[in-house]
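# Residue-level structural notes
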Amino acid sequence: MRSFHRTHTTTAARHALGDGEGPTDPVTLAGRLMVKRWSGGVTFAELQDGTGRLQLMARRDELADAYEAFLDLDPGDLLGVTGPVIRSRRGEVTVDVNKFQLLSKALRPLPEKWHGLKDVEQRYRRRHVDLIANPDVRDVFVARTRIISGLRRFMDSQGFLEVETPVLQEVPGGGLARPFKTHHNALDLDLYLRIALELHLKRLIVGGLEKVYEVGRVFRNEGLSPRHNPEFTMLESYEAYADYDDVMRFLEELLPATIESAGKEPDLEYQGERLDFAPPYRRARMADLIREATGIDVLTEPDLAAAAAKAGVDVQANLPWGFIVMEIYEKKVETGLRQPTFVMDYPLDVSPLARKREDDPRFVERFELVAAGRELCNAFTELTDPVDQRERFLAQEATFKAFGGETHPMDEDYLVALEQGMPPTGGLGIGVDRLVMLLTDQASIRDVLFFPQMRLAH
RNA sequence: GCCGGUGUAGCUCAGCCUGGCAGAGCAGCGGCCUUUUAAGCCGAGGGUCCAGGGUUCGAAUCCCUGCGCCGGCACCA
């Protein structure tokens, strides 16, 4: 079949009948045959299209010789049908088929009609079957699309300009993660897939695009888990002449708007837990949260490593102060934060791109929004001082040379941009997949990605 | 990478503990039935029990190794 023109979707056909009994004028539908029942002189079947399902009725009386061909159809076949919409004796909205046409034959059977496809491995490896057989899965992905378009709509409405920046980078900056490496042949140049959007967007802020954002795929060459996929989607935005307090207020508008675009209420349920996203959200300094949870005062504690160990958080000897603070926070505080909370003022040591607090230079103006024990957003008042920035990169290098792990590499192009003069800026990053998980009540990132990363099938 | 769980028909699952002919439902095939809603009834068929090795008279079942999947840990500030 080159083409087949339908007059109605199954949902439109249902509306065409309305409360009446029919018959309506004939409608032409197309979709996948899902279920057949009865095989005498009348056969009922269900046709599934992009909008839903509708019952079909095929009668020997009506179809004559073609009836036998209808009986030969298999669940899974793609079918076009024409006929009036009626209400069956049992009250079901039904198309009384006058004509039908096989549009495409399914050579493989559908999964079990009642249980659907449950095997998670098959659901991920053969997502097309999952989508046919499990309507809930389709709903999740439709919600994902609505959430992302809702995010864009909100950003646009606030005057942000959506931009695109390079995926292939000579220096994979803006975060700490092992990058994927590739090579450009013509340039004979090693390149990396980006691990964050940050540095290029900030270069645009220098360039005078005062409110920019990007929704883009980033890549991290690290382990997989229910919350980690090697490629995932980030939204980052930057606003000139704003600080992290502005970003907090901004998020308190963005999140409710996004929740609405997902068709949810701010008071939502995630994995059996009620979470209330009606603003304002709690604001708490990391140091205060640590004191609440452990009794440790990181501001005054003379031997923080020892205090951490006493609280059950073992850290490497001589680890810089800020890293110890971060360890204690992650091990003792973060998972306990269930309701949305702005965790404010991160240690400077672990935040090389954020602006130093003037009242206490051990900390920076940075927050993460945490809910259900997980980071949803990361934001800061950006560091715009090129001299300070260079020192921070060097300090990172020194730390990671000593303690291992990934480091922020020195990005000279970025430093040159800062030297041009960057306005004070508030920046924000949102892990879009994790936000979608939250708003669709999914426990695994694999259930909000059409094609999650899998090992080679055996 | 480490630890635990798991893998049986196209799909959903029993059987494994306690070794003894490979099972059910759905789907498919043949037959009956002109208003069904997971339709029903009758009949026949369908297996690399993830792979390889071992123990045993005999292995889906017990043991070892490998692989996939799931979860946890590590990595991921």
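Preceding this paragraph is the structure being described.
Conventions we followed
- Residues numbered from 1 in each chain as written.
- Chains lettered and ligands numbered in written order.
- Predicted model: local features only at pLDDT ≥ 70, side-chain atom pairs only at ≥ 80, totals over all residues.
- Heavy atoms only, no water.
- Near = heavy atom within 4 Å.
- Polar contact = N/O pair within 3.5 Å; in protein donor to acceptor, adjacent residues only side chain to side chain.
- Helix = DSSP H or I, 4+ residues; strand = E, 2+ residues; numbered from the N terminus.
- Nonpolar A, V, L, I, M, F, W, Y, C, P; charged D, E, K, R; others polar.
- Pairing = 2+ DSSP bridges.

## Concerning the protein's contact with RNA strand B
- Every one of the 46 residues lining RNA strand B counts as a neighbour, but Ser 39, Arg 90, Lys 113, Leu 176 and Val 350 are closest to it.
- Near the protein, meaning within 4 Å, the atoms of RNA strand B are sugar or phosphate in a fraction of 60%, with bases accounting for the rest.
- His 115 is positioned such that a nitrogen or oxygen atom in its side chain is 3.5 Å from a sugar or linking oxygen of RNA strand B.
- The element contributing the most residues to the surface near RNA strand B is helix 4 (residues 120–125), with four residues.
- Partitioning the surface near RNA strand B into residue classes produces 19 nonpolar, ten polar and 17 charged.

## A short note on the sheet that holds strand 9 (residues 168–169)
- Strand order in the open sheet formed by three strands is 9-11-10, with antiparallel pairing between adjacent strands. The sheet is open, and its two edges are formed by strand 9 and strand 10 (181–184), each paired on a single side.
- Where strand 9 meets strand 11 (residues 189–193), two bridges bridge the pair, whose relative direction is antiparallel. Considered in strand 11, the bridge of Gln 169 is made with Tyr 192.

## Things to note about unusual backbone geometry
- The amide bond that connects Pro 279 to the next residue, Pro 280, takes the cis arrangement and shows omega of 0 degrees.
- Within the secondary structure layout, Pro 280 lies in the loop between strand 15 (273–276) and strand 16 (282–285).
- Phi angles above zero are rare outside glycine, and Asp 345 is one such case at about 65 degrees.
- Along the chain, Asp 345 falls in the loop between strand 17 (341–344) and strand 18 (366–371).
- Although it is not a glycine, Ala 372 adopts a positive phi angle of roughly 55 degrees.
- For Ala 372, the position within the fold is in the loop between strand 18 and strand 19 (374–381).

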